[in-house]
Structure formats: structure tokens, C-alpha cells
Protein chains: 2
Amino acid sequence: MPHTGELDLIRSIRARAATPPGALRLGIGDDCAVLRPLANHDILVTTDFSLEGRHFRRDWHPAASAGHRCLARGLSDLAAMGAKPIAAFLSLALPAGTLRKAAGRQWVEGFIDGLLGLAKATGTPLAGGDTSTAPGDHILADIVLLGSAPRGKELHRSTAYPGDALYVTGILGGAAAELEALSNHPKRFSRSSPTDNHPHLYPQPRLAIGQRLRTLATAAIDISDGLSTDLAHLCEESNVGAIIDAATLPRIEAEHLALHGGEDYELLFTAKASTKLPKRIGGIPITHIGTITKNRAILISHSGNETPLVPAGWEHQL
Amino acid sequence: MPHTGELDLIRSIRARAATPPGALRLGIGDDCAVLRPLANHDILVTTDFSLEGRHFRRDWHPAASAGHRCLARGLSDLAAMGAKPIAAFLSLALPAGTLRKAAGRQWVEGFIDGLLGLAKATGTPLAGGDTSTAPGDHILADIVLLGSAPRGKELHRSTAYPGDALYVTGILGGAAAELEALSNHPKRFSRSSPTDNHPHLYPQPRLAIGQRLRTLATAAIDISDGLSTDLAHLCEESNVGAIIDAATLPRIEAEHLALHGGEDYELLFTAKASTKLPKRIGGIPITHIGTITKNRAILISHSGNETPLVPAGWEHQL
């Protein structure tokens, strides 16, 4: 049975998460939410933890950033498969007493603000979830995203083919660089806004690009774990290799951040060599960075000198 | 990026969670799972935390019971709305080092055994989820269930009408009584089996009854929070009252456990007074316990003496 504080929290979220018209027939308030899928569409589902101390820190991340990032993690998985979001579900556990303190209430409100802000911007209704008292001192969140894609048309990470060209969206390494700055000077970021360019605090999942790629790409994955790690996942699942031309990497930061820095929430994808890709989609640059090979090795070329690209995905440093 | 132990855990779960034919087109392994809804069916979604120290204790609950109960929570929500399960998603965070110790690995295997045992028994494929290191010392799980029901035919808690008869499935109070015994003598229960009658350790969600009730009931809710609390929810959402005849309550235990003991995972439902209900569905007794009233009060009658039934749902005593 939820405690009074939890019931108030559920009521407050329920009041703010009004059900817009769309696939969602019944939102917060019953044992389940009810969705009506579009005819000839499949449903895509992803879940992601956002745990204090692992995925965010209260002394570093503004509450709105923690809420935004919580939803962004799931939205980016939908983007990677070319799906359109239709509903989100938030499970949120708060340490005992959190809602009895003004600072705690303010944090939770900020978290919900950040989450609902991105939900609104991306047309994602918050349709349900769960609340509980957390057993320890950490705030615990788990986000579930449901998306929709035309039947059988979603993108996979397992369908890249030797000879395909390899592309990436956006600019790489920015999230890892901003995290480093945040860890050194958290106060500088306390008034950051989602409308500014904050690749770590307020990543923008590539939903429009993902949906566009359904007819252009042969395979796709998001690079939340870093380019080197997620390229290894794509190659393993597709049973192929790849060679990247280091000089083509779209980056402002150091090369190791572009290759291994995680959480850029950009898309890595492949397309037939004959497919003509636009230079930008929705204003975001699309960069040709390499080629898929039959040889299972993953290589990076510096001025023609090829060396193995060892997956070294960003380890959470929180 | 998942740690090596997490990757091994994901691989082990993936190997065991073979995808059966059905709505699930793509299970564990990509950014999202993909489901193909049946034509003219809606999708129902529910999420529930299972947090160590709140919903289970490692020193009381056998690991298989914790896993079984984790899935049962979500299945019971589907049952309450008359849905058939089509996929489950498990988010599981383990304290650092859990998988490096034999006892930790054994616990996690037992948990997955219990969860997959009930998944198999109910035809629920485990289709994905997330893993993480937990920030504290507690095991953290969150379960997501997706179900399917013929379009617009799911049951709600908000549609009971004055004059409807009130029914409950099964026997009440057994889960609370077993929890009390468990807290006093946990070792007695260490070899309990899901095939025996263990209303607390191995509750059986009323999926078949829920699906049958789609054509018989006017409203339904599960009584995971206890009869008195969930009856209050049903009455609040339906804007009605109710009167219960205490003498009719199906119970072996004390009346207060039947009324307020939680986690029986039975269904409370209403039907038109003219609807003929079977005495049992799938071997489980169906008991007429009262009537829905226009007056918003919730009353209980002892030999004609009516008193208010105050919601006093079982507080988690873990």
C-alpha cells in the first residue's frame, strides 16, 4: 500500500500527465494502462534504470537533468530502431522521508519537470508506473518506453552487411567532455536549460532521424555506451567487421572521447554503398565514417595505418 | 557499459529465455523488443517494483519465491483487467560484487528460476529488460508486463454501478498469515515449492479467471493491497459505495487478515445482479460477499449491524 506521500505524488503526476489523443486509451489510475496499436504497426519496448550514484548524482546533476536523462535513455533506444514513442512508464522509489523535506519535494518536482518537459517535446505521454519507498539512501528510477513502427519495418543492429557504408549522427564526445566539466564545477551547471546545447545534461534523442532511417539504413544502434563499444555490438550481432577512418570522425573534443566517450545518444548506422544519404537530417549532421567488412576485425585507420579499435566504452564514473 | 559479470548474466538469461511463437517477434538482444499485437486487440501495460527490504528479504524469502513474486505482481494486474500476458521485461540491479560470490550467483540463479518458472507456467516470454550495479546493498528489481485483450473489452476498476453484486476469488488472508509464519520461522520455508499452496511465497495470479470475467463482470481490481484498501479504490474510481456481509467472507484465517491482509493476489469484481456466476472458475471459488451502493460509504455488516469498513491495507512489515 503506498504511503500518504506516495499517494500525493501519484496524484500530482497524474494531474500533470494528461492523456493526449493517440495510441493511449487509458493512462494512470487503473491496474494497467491501455494502448490501441495502429493497424499494421508493431510495438517496440525498452526499459532502462536511472539509479542515483550510477546514472546521476544529486550533487552534480540538476534534478531536471536527471529526469530528462531518465526519459532520454529509453527514447534513444526507440530512435535506434526507427520507432515513434507512444507511451512512457516511470517507476520511482524515494528514500524514506524524501517527500517530508522541502529539498526532497523540490528535487522530485524538478525531476518530474525535466522528464515531462522532454515527454512533451517528443509527444510521449506518461501513462503509468509505480512508486515505492527506496530501501536505502538512493533515488531509484526505471523508465519503460513503448514505441510504434510500421509492421516489420523497424531497424535492427544485426542486419549490417559487408560493403555497407558506416555513418554516425551529430558530433561525438560532447557528453563525456561535459560530464568531466560537470564533475569539476557542478555549480556552473546548476541553472542549465534543456533548450541550450548540453550533450550530457540534456541529450536530444534522435527520434526524427531514426524514423527517417527506416527507409535508408540497413542496420542501426544508439551509441549510449560509446562508439567503440556499440560498434562492437553491431558487428557482433551482424557477424561482420568494420573499418573506421579516424580523420572523418565528427568531433570537437579529443579523439578518445569521440571513440570511447559514452552517452552521446547519437545513432550509428549502416546503409548500402549505393544509397545516397543527406548531409543533414533535421539539422543534425550525418557523417560517413567507415565501411562494414567481411573480416570480423574492427579497425581504425590513421592516415592509412590500420590498428584494432578496442571497445573501451565509457565506464560510469559517478 | 555493463560489467563482465552483467554481460554474463544477460547472456545466461538470454539463453534461457527462448522466444516462443506468439506476439513476441524479437526478444532480448537489440535496443528494443518487438511485439506484433493481434488484430483488433489492445495492449495493456503495468510496472511493479520488487525491492529488497520493501517487497522481499533475502533472510526470509527463498530466492525462487522472490523471483516468482516479482513476476506475479505484474501478472495479477493483467488478470484484474482481463488481459492475457504477451511479454515481461525485467530490470535487475545487483549490489557490487554480488556475482563474484558463489552465494550471490546462487541467489540470482534462484531468483531467475522462480521468475522463469512462473513465466513458463503462464505462457509469458521474458523479452528484455536492463541490468545495472545497484548503488547500495539491496537487490533492486522492476518488472514490466505487457498483455493483450480484445479491443475495448478490458475490465476497469471505475465501472461498478449501484446494485451490482460484489464478488471475490479464492480464500482471503492466507498470504498475510503465511508472511507472519515466515517472519517467525524463515528456515521452515526454505524448501517450499511453487506447486504447493503458498499464498505468500508463491501466489497464483488469477489470469484465467480475469479473462473469463471480461464477459461476466462490470468492474474488477486485484486485491494486492488488501480487500478493504482495494475496495476503497474501486469505489472511489467508480464513485459508488459498498456493503459487505462479514459472514460471507471466504476465509480460514482471522477476519482482520481477510479484510486487511494484503498480497492475496485474488480478484475483487462486480457483476450485474442478474448475471449468473459459476461457483468456481478453474477450480477457484467465486464468492458473493456484498453489494455496490449509490451511497458513497463502505460498510461491513455483522449480523445486520452495519459499521464503516476503514481501509487498512497491509503495511509492508519487511
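This text goes with the structure placed above it.
Predicted model, so just to flag it, every value in this text is computed and none were measured.

> Describe the pattern of salt bridges, and please don't skip the residues or the numbers.
Overall, the coordinates contain 20 salt bridges over all chains when judged by the stated rule. Note that A:R25 and B:E154 form a salt bridge whose closest N and O atoms lie 3.4 Å from each other. Taken together, the residues span two chains, with A:R25 in strand β1 (residues 24-26) and B:E154 in the loop between β6 (140-150) and β7 (165-169). Overlapping salt bridges bring together A:R25, A:R36, B:D42 and B:E154 as one network.

> For the environment of B:T307, give the residues involved together with the corresponding values.
Residues and elements named next belong to chain B. Within the secondary structure, T307 sits in strand β14 (residues 305-308). Among the residues examined, T307 registers a relative accessible area of 32% and is labelled partly exposed. Along the sequence, T307 and T98 sit 209 residues apart, while their C-alpha atoms lie 51 Å from each other. Excluding residues that lie within four positions of it along the chain, T307 makes contacts with I298, L299 and I300.

> Mind laying out the interface of chain A and chain B, listing which residues take part and the relevant values?
Put simply, an interface is often sized by how much accessible area is lost when its parts join up. Chain A puts 66 residues into the contact, and the matching count from chain B is 66 residues. Both faces considered, chain A and chain B share a buried interface measuring about 5,300 Å² in area, 53% of it formed by carbon and sulfur atoms. Where chain A packs against chain B, one counts ten salt bridges. Joining chain A to chain B, the criterion identifies 24 residue pairs in polar contact (both at pLDDT 80 or more). Among the elements that line the side of chain A that touches chain B, the one with the most residues is strand β3 (residues 41-51) of chain A, at ten residues. Looking at the side of chain A that touches chain B residue by residue, the classes come out as 27 nonpolar, 19 polar and 20 charged. Both β3(A) and strand β2 (residues 33-35) of chain B contribute to a ladder of three bridges, which runs antiparallel. Within β2(B), the residue paired with A:V45 across the bridge is B:A33.

> Just give me the short version of the sheet that holds strand β5 (residues 126-134) of chain A, but keep the residues and values in it.
Strand pairing in a sheet relies on backbone hydrogen bonds, with the paired strands running either antiparallel or parallel. Pairing is mixed in the open sheet, where six strands are placed in the order β5(A)-β4(A)-β6(A)-β3(A)-β2(B)-β1(B). Both outer strands of the open sheet, β5 of chain A together with β1 (24-26) of chain B, are each paired with one neighbouring strand and no more. Mean inter-strand twist for the sheet, computed between neighbouring axes without regard to direction, equals 20°. The pairing of strand β4 (residues 84-95) of chain A with strand β6 (residues 140-150) of chain A spans nine bridges and is classified as antiparallel. What sits directly across from A:A88, in β6(A), is A:L145.

> Lay out the relation of the copies chain A and chain B with the relevant residues and their values.
Once turned by 180° and shifted 0.0 Å along the axis, chain A lies on chain B with an RMSD of 0.0 Å. The superposition of one copy onto the other is thereby described by a two-fold rotation axis. For chain A, the minimum C-alpha distance to the rotation axis belongs to A:G136 and amounts to 3.3 Å. Interface residue correspondence from chain A to chain B reaches 100%, placing this contact among same-surface, isologous pairings.

> Outline the side chain of A:S228, listing residues and values.
Structurally, the position occupied by A:S228 is in helix α6 (residues 227-238). At 2.7 Å, the side chain of A:S228 and the side chain of A:H260 are in polar contact.

> Summarise the pairing of strand β13 (residues 298-302) of chain A; cite the residues concerned and give the values.
Residue and element names in this part refer to chain A. Most of β13 sits inside the fold, with four of its five residues counted as buried. Bridge analysis of strand β9 (residues 241-245) against β13 gives four bridges, and the strand direction is parallel. Paired with A242 across the strands is I298, a residue of β13.

Reading the values: rules and limits
Residues numbered from 1 in each chain as written. Chains lettered and ligands numbered in written order. Predicted model: local features only at pLDDT ≥ 70, side-chain atom pairs only at ≥ 80, totals over all residues. Heavy atoms only, no water. Salt bridge = Lys/Arg side-chain N within 4 Å of Asp/Glu carboxyl O. Helix = DSSP H or I, 4+ residues; strand = E, 2+ residues; numbered from the N terminus. Buried < 20%, exposed > 50% of the residue type's maximum accessible area, 1.4 Å probe, protein only. Contact = heavy atoms within 4.5 Å. Buried area = accessible area lost by both parts, 1.4 Å probe. Polar contact = N/O pair within 3.5 Å; in protein donor to acceptor, adjacent residues only side chain to side chain. Nonpolar A, V, L, I, M, F, W, Y, C, P; charged D, E, K, R; others polar. Pairing = 2+ DSSP bridges. Axes fitted to C-alpha atoms, helices over the stretch in contact; angles between N-to-C directions. Least-squares fit on C-alpha atoms with pLDDT ≥ 70 in both.

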